[in-house]
Amino acid sequence: GYAAACVGMLLLAPTSWPHYFLLLVVPVALLVARLPGRAARGVMWACLLVAWLPGTQWAKMTLGPERAMGMIKNRHAPLTPAENLLVASLQTYALAGLFALTLRLPPGPGTPAGR
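In short, a report on the structure. (Residues numbered from 1 in each chain as written. Predicted model: local features only at pLDDT ≥ 70, side-chain atom pairs only at ≥ 80, totals over all residues. Heavy atoms only, no water.)

1. A few points about the overall build of the chain
Logical step 1: Broken down by element type, the chain carries eight helices and zero strands.
Logical step 2: Taken from the N to the C terminus, the helices and strands of the chain come in the order α-α-α-α-α-α-α-α.
Logical step 3: Across its three principal axes, the chain shows a C-alpha extent of roughly 55 × 30 × 25 Å.
Logical step 4: Considering only intrachain contacts with a sequence separation of at least 6, the fraction spanning at least 24 residues in the chain is 62%.
Logical step 5: Here the chain displays about 7,500 Å² of accessible surface, and carbon together with sulfur accounts for 68% of that area. (Helix = DSSP H or I, 4+ residues; strand = E, 2+ residues; numbered from the N terminus. Contact = heavy atoms within 4.5 Å. Areas by Shrake-Rupley, 256 points an atom, 1.4 Å probe, with all protein chains shown as cover.)

2. Observations regarding helix H3 (residues 25–34)
Logical step 1: Looking at H3, one finds that the buried residues are Pro27, Val28 and Leu31. What you see down the axis of H3 is that its buried residues fit within an arc of 95 degrees, all on one side. For H3, the exposed residues set more than 90 degrees away from the buried face come down to Val25 and Ala33.
Logical step 2: Of the surrounding secondary structure, the elements contacted by the buried residues of H3 are helix H1 (2–12), helix H2 (20–23), helix H4 (38–52) and helix H8 (90–103). (Buried < 20%, exposed > 50% of the residue type's maximum accessible area, 1.4 Å probe, protein only. Arc of directions from axis to C-beta.)

3. Let's talk about the nonpolar core
Logical step 1: Formed by 16 residues in total, the largest nonpolar core has its most connected members in Tyr20, Leu24, Leu31, Leu35, Met44, Leu95 and Leu98.
Logical step 2: Where this core is concerned, the elements lending two or more residues are H1, H3, H4 and H8.
Logical step 3: If near-sequence neighbours (up to four positions away) are discounted, Leu98 is found in contact with Val7, Leu24, Leu31, Met44, Cys47 and Leu48. (Core = buried A, V, L, I, M, F, W, Y, C linked by side-chain atoms within 4.5 Å.)

4. Overview of the packing of H1 against H3
Logical step 1: The N-to-C vectors of H1 and H3 enclose an angle of 130 degrees; their axes lie 8 Å apart at closest approach. Judged by the angle between their axes, H1 and H3 are oblique. Our pair here, H1 against H3, has a crossing hand that is left-handed. Where H1 abuts H3, its residues Tyr2, Ala3, Cys6 and Val7 lie against Val26, Pro27 and Leu30. (Axes fitted to C-alpha atoms, helices over the stretch in contact; angles between N-to-C directions. Parallel < 35°, antiparallel > 145°, perpendicular 65-115°, else oblique. Left-handed = near helix turned anticlockwise from the far one by under 90°.)

What follows is the structure in structure tokens.
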């Protein structure tokens, strides 16, 4: 529950995004320890890789370096809906994937039987 709450808080509070790797230590440790199956672990590592990219790395690769630098300085042309969904929101999707994985974690060894 704590791991899901931490990741959910990051999804709801964008002001904490510059520090989200520090806040993801416990959820990721629980995912590494308890996540069953290779496919789920692959999804976890893919989400972490995307979340680990610098904020404008994907924008540099898709929109070009000039436009990505404009995004850093908040001096860019408005993004189209497709650019917003496919480029600017990529790290949000990675956090949503980690949130979904933490919701599906199996209970730990000390969990009461009524869960």
